[in-house]
Amino acid sequence: MVFHYFGKYILLIQAVFRKPEKFSIYKNEIFREMVSIGLGSLGIISIISVFIGAVTTVQTAFQLTSDLIPKSIIGGITRDSTILELSPTICSLVLAGKVGSSIASQIGTMRVTEQIDALEIMGINAPGYLILPKLLGGIIMIPMLVVVAIALSIMGGYLAGSASGAVTSQEFIQGLTTDFIPFTLAVAMIKALVFAFIITTVSAYQGYYTDGGAIEVGNSSTKAVVISCIAILISDYVIAQLLL
Amino acid sequence: MIEVKDVFKSFGDNEVLKGITADFKPGVTSLIIGSSGSGKTTLMKNMVGLHEPNSGKVFYDGRDFTSMDTEERIDIRKEIGMLFQGSALFDSMTVEKNIRFPLDMFTDQSKAEKLDRVNFVLERVNLAGKNHLYPAELSGGMMKRVGIARAIAMRPKYLFCDEPNSGLDPKSSIMIDELVAEITKEYEITTVIVTHDMNSVMGIGEHILFLHQGEKWWEGSKDEITSTDNKELNEFVFATKLMETLLKK
């Protein structure tokens with residue numbers, strides 16, 4: 001049964017990459033999706049990121065009770081955990097909820113109101129027209145959101161450390177700039193790309209194969225979020241295992 | 001002309017179409033009628049390729065549609081217009097964008113040419129000047145008319161209408177029927193309408209196909225439909241009190 005659904009998913013992805021009927025129309029749709037996914041999610045990602053960084057700093061400081069360990073290490077831990085795990089993964093889980101459910105319900109509603117049938121009757125490649133702009137919009141904007149999230153998390157950590165007195169500004173910056181491995185940023189970007197692909201395609205698949213009415217659209221939206229989150233966590237582990 | 005030859009379709013164990021054969025001629029309004037579950041919508045979906053028949057063929061002017069791959073079908077689909085039961089207008093687009101959409105996708109016309117065509121078809125369906133309204137701002141009848149305008153924007157050779165009168169009041173219903181019939185004659189379109197509305201049958205039914213339990217049970221015109229001794233067809237035709245009363249008079 002799992003193979004049946006996976007096969008359908010692969011066939012849908014294959015159809016998404018068929019040659020576009022008119023690239024100029026696709027281009028406009030891609031820009032529209034970039035605005036919707038990128039700017040539309042910037043607020044929530046910013047708020048979450050600042051607090052993730054702040055909490056990471058405060059909790060790390062709470063656990064480092066030994067005088068033998070320099071306080072500056074808090075900056076290093078906040079940086080690495082933010083770059084490697086917290087920003088790409090938590091942001092993607094949040095985006096799976098926000099962007100994924102929106103994609104699934106949008107496409108699902110189009111399916112149950114016969115708008116997808118109308119596209120097909122016109123001779124338009126419906127998966128390509130509906131999913132490709134969302135996929136490209138996600139792949140371009142989600143890594144950018146992750147970069148913003150990393151920056152804001154570190155800033156949140158810096159502010160919380162200074163405000164709580166857990167770590168001084170100098171110590172935090174010293175920890176931040178010591179032993180930085182640039183490859184961790186590459187890992188974060190690879191994660192963001194993979195997660196963006198998962199969020200957009202899994203949600204689009206759930207929406208595209210919706211059958212029924214309003215209740216089924218809601219179910220598709222829920223399934224899209226649940227399956228995307230599980231797929232993100234599994235691929236997070238696989239990427240970490242392969243690259244680190 | 002559309003030829004349907006011995007089309008069978010089943011969903012699991014449920015055999016919905018049992019060897020339907022029929023011809024639909026250009027310039028003629030053909031109606032597929034039958035009670036719910038008789039297979040009329042399934043037949044239409046098999047004809048336009050939204051479903052694949054288990055066996056049998058559909059030909060568009062001699063071109064075997066059922067044997068074509070996705071790419072080959074696109075050329076025929078550009079010649080097909082379809083009005084859906086719920087209109088299926090793209091709700092994120094205005095009336096003008098909905099109608100212009102296939103033109104944007106498949107033609108290299110200038111903006112002015114496309115706008116001319118949009119305004120022409122809007123005028124044809126009596127909706128001139130409604131270009132900038134969204135589907136949510138339209139009544140049911142207006143949505144159907146925009147659906148027709150979009151369907152004919154590409155000058156189709158074949159027009160399919162799935163329950164064009166559903167949810168409409170009798171006056172709007174007649175307006176839609178007459179519009180479709182007029183367009184069919186005017187542009188020599190092969191028009192196929194799926195309906196169970198007897199007003200449509202008696203109004204525009206030049207060629208009628210009655211399906212019963214997935215089989216072609218009767219074929220004829222509106223003039224013949226009331227004088228047949230086909231039991232199932234009579235049960236369908238005279239199911240409404242209005243029809244019964246009118247015919248008694």
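Residues numbered from 1 in each chain as written. Chains lettered and ligands numbered in written order. Predicted model: local features only at pLDDT ≥ 70, side-chain atom pairs only at ≥ 80, totals over all residues. Heavy atoms only, no water.

1. Here we look at the overall build of chain B
Then step 1. When you go through chain B residue by residue, the secondary structure sums to 10 helices and 10 strands.
Then step 2. In terms of overall size, chain B behaves like a compact globule, its C-alpha atoms giving a radius of gyration of 18 Å where 249 residues would be expected to give roughly 18 Å.
Then step 3. In terms of overall dimensions, chain B has C-alpha extents of about 55 × 45 × 30 Å along its principal axes.
Then step 4. Taking all 249 residues of chain B together, the buried fraction comes to 55%.
Then step 5. In chain B, once contacts between residues fewer than 6 apart in sequence are set aside, the share between residues at least 24 apart is 64%.
Then step 6. Per element, the accessible surface of chain B, about 11,100 Å² overall, is 50% carbon and sulfur.
Then step 7. One finds the centroid of the 31 positive side-chain charges in chain B at a distance of 3 Å from the centroid of its 39 negative side-chain charges. (Helix = DSSP H or I, 4+ residues; strand = E, 2+ residues; numbered from the N terminus. Rg over C-alpha atoms; globule rule 2.2 N^0.38 Å. Buried < 20%, exposed > 50% of the residue type's maximum accessible area, 1.4 Å probe, protein only. Contact = heavy atoms within 4.5 Å. Areas by Shrake-Rupley, 256 points an atom, 1.4 Å probe, with all protein chains shown as cover. Lys, Arg positive; Asp, Glu negative; His and termini not counted. Charge placed at Lys NZ, Arg CZ, Asp CG, Glu CD.)

2. Re the domain arrangement of chain B
All names here are of chain B.
Then step 1. What the domain assignment reports for chain B is domain 1 (2-79 + 157-248) and domain 2 (89-155).
Then step 2. Listed per partner, the contact involves 15 residues of domain 1 and 13 residues of domain 2.
Then step 3. Carbon and sulfur atoms make up 70% of the area that domain 1 and domain 2 hide from each other, which totals about 1,200 Å².
Then step 4. Here domain 1 and domain 2 share two salt bridges between them.
Then step 5. A salt bridge links R124 to E186; its shortest N-O distance comes to 2.6 Å. (Domains from an automatic or database assignment. Buried area = accessible area lost by both parts, 1.4 Å probe. Salt bridge = Lys/Arg side-chain N within 4 Å of Asp/Glu carboxyl O.)

3. Some details on the UniProt feature "transmembrane region" (unreviewed entry) in chain A
Residue and element names in this part refer to chain A.
Then step 1. Following the UniProt record, the feature "transmembrane region" (unreviewed entry) maps to residues 37-62, 135-159, 180-205 and 225-243 here.
Then step 2. Overall, residues 37-62 shows 100% helix and 0% strand. The separation of its end C-alpha atoms is 36 Å.
Then step 3. Spanning residues 180-205, this segment combines 88% helix with 0% strand, and its end C-alpha atoms are found 39 Å apart. (UniProt positions renumbered as here; feature names shortened; annotations may be inferred.)

4. So, the sheet that holds strand β2 (residues 14-24) of chain B
All names here are of chain B.
Then step 1. Ordered by their spatial adjacency, four strands build an open sheet running β2-β1-β4-β5, and the pairing between neighbours is antiparallel. Single-partner strands in this sheet number two, and they are β2 and β5 (63-64).
Then step 2. Contacting β1 (2-11), β2 and β4 (55-60), helix α1 (residues 40-48) runs over the sheet at an angle of about 115 degrees to β1. (Pairing = 2+ DSSP bridges. Axes fitted to C-alpha atoms, helices over the stretch in contact; angles between N-to-C directions.)

5. Regarding helix α6 (residues 170-187) of chain B
Residues and elements named next belong to chain B.
Then step 1. The terminal C-alpha atoms of α6, which comprises 18 residues, lie 26 Å apart, in line with the 26 Å expected from a rise of 1.5 Å per residue.
Then step 2. Those residues of α6 lying buried are S172, S173, I176, D177, L179, V180, A181, I183 and T184.
Then step 3. Close packing links the buried residues of α6 with β3 (29-33), α4 (111-124), α5 (140-152), β7 (158-162), β8 (190-194) and α7 (198-204).
Then step 4. By the N-cap criterion, in which a side-chain oxygen at the helix start approaches the backbone nitrogen of a residue two or three places on, α6 is capped by D169, the distance to K171 being 3.1 Å.
Then step 5. Positive backbone phi, at 55 degrees, marks E188, one or two positions downstream of α6. (Expected span 1.5 Å × (residues − 1). Polar contact = N/O pair within 3.5 Å; in protein donor to acceptor, adjacent residues only side chain to side chain.)

6. Regarding the interface of chain A and chain B
Then step 1. Counting from both sides, the interface comprises 18 residues of chain A and, opposite them, 27 residues of chain B.
Then step 2. Roughly 1,900 Å² is buried in total at the junction of chain A and chain B, and carbon and sulfur atoms are behind 65% of that figure.
Then step 3. On the chain A side of the contact with chain B, E114, I121 and M122 of chain A bury the most area, a combined 35% of that side's loss.
Then step 4. As a salt-bridge pair, K22 of chain A and D108 of chain B come within 3.7 Å of each other at their nearest N and O atoms.
Then step 5. Joining chain A to chain B, the criterion identifies four residue pairs in polar contact (both at pLDDT 80 or more).

7. Re the environment of V55 of chain A
Then step 1. On the secondary structure map, V55 of chain A appears in helix α2 (residues 23-63).
Then step 2. When the C-alpha positions of V55 of chain A and S153 of chain A are compared, they lie 9.4 Å apart, and in sequence the two are 98 residues distant.

8. Some points on empty space enclosed by the protein
Then step 1. Summed over the entire model, instances satisfying the criterion amount to one cavity of 30 Å³ or more.
Then step 2. Looking at the largest cavity, its volume works out to about 140 Å³.
Then step 3. Lining the largest cavity are 15 residues, with M122 of chain A together with I80, G81, R150 and A151 of chain B sitting closest to its centre.
Then step 4. For the lining of the largest cavity, the secondary structure elements donating two or more residues are α4 (115-121) of chain A together with β6 (80-83), α3 (95-106) and α5 of chain B.
Then step 5. For the lining of the largest cavity, the element with the highest residue contribution is β6 of chain B, accounting for three residues.
Then step 6. Taken together, the residues that form the lining of the largest cavity break down as 11 nonpolar, one polar and three charged. (1 Å grid on protein atoms, 1.4 Å probe; cavity = no way out; pocket = protein on both sides within 12 Å on 5 of 7 lines; lining within 4 Å. Points joined across faces, edges and corners; volume = space filled by probe spheres on them. Nonpolar A, V, L, I, M, F, W, Y, C, P; charged D, E, K, R; others polar.)

9. Some points on the state of the cysteines
Then step 1. The tally for this structure, following the rule as stated, stands at zero disulfides over all chains.
Then step 2. For the unlinked cysteine C91 of chain A, the closest cysteine sulfur is that of C229 of chain A, found at 13 Å. (Disulfide = S-S within 2.5 Å.)

10. Thoughts on the layout of surface pockets
Then step 1. When its volume is computed, the largest pocket comes out at roughly 1,200 Å³.
Then step 2. Forming the walls of the largest pocket are 36 residues, and the residues nearest its centre are R111, D117, E120 and Y208 of chain A together with L50 of chain B.
Then step 3. If you list the elements that add at least two residues to the lining of the largest pocket, you get α1 (2-16), α3 (73-112), α4 and α5 (126-164) of chain A together with α1 and α2 (70-77) of chain B.
Then step 4. The leading source of residues in the lining of the largest pocket is α1 of chain A, at five residues.
Then step 5. Taken together, the residues of the lining of the largest pocket sort by class into 12 nonpolar, 10 polar and 14 charged.
Then step 6. Put simply, the second largest pocket is a space of about 890 Å³.
Then step 7. Around the second largest pocket, the lining comprises 28 residues; the ones closest to its centre are E29, R32 and Y129 of chain A together with M93 and F101 of chain B.
Then step 8. Broken down by secondary-structure element, the contributors of at least two residues to the lining of the second largest pocket are α2, α3, α4 and α5 of chain A together with α3 and α4 of chain B.
Then step 9. Looking at the lining of the second largest pocket, the element that brings in the most residues is α2 of chain A, giving seven residues.
Then step 10. Of the residues contributing to the lining of the second largest pocket, the split by class is 10 nonpolar, seven polar and 11 charged.

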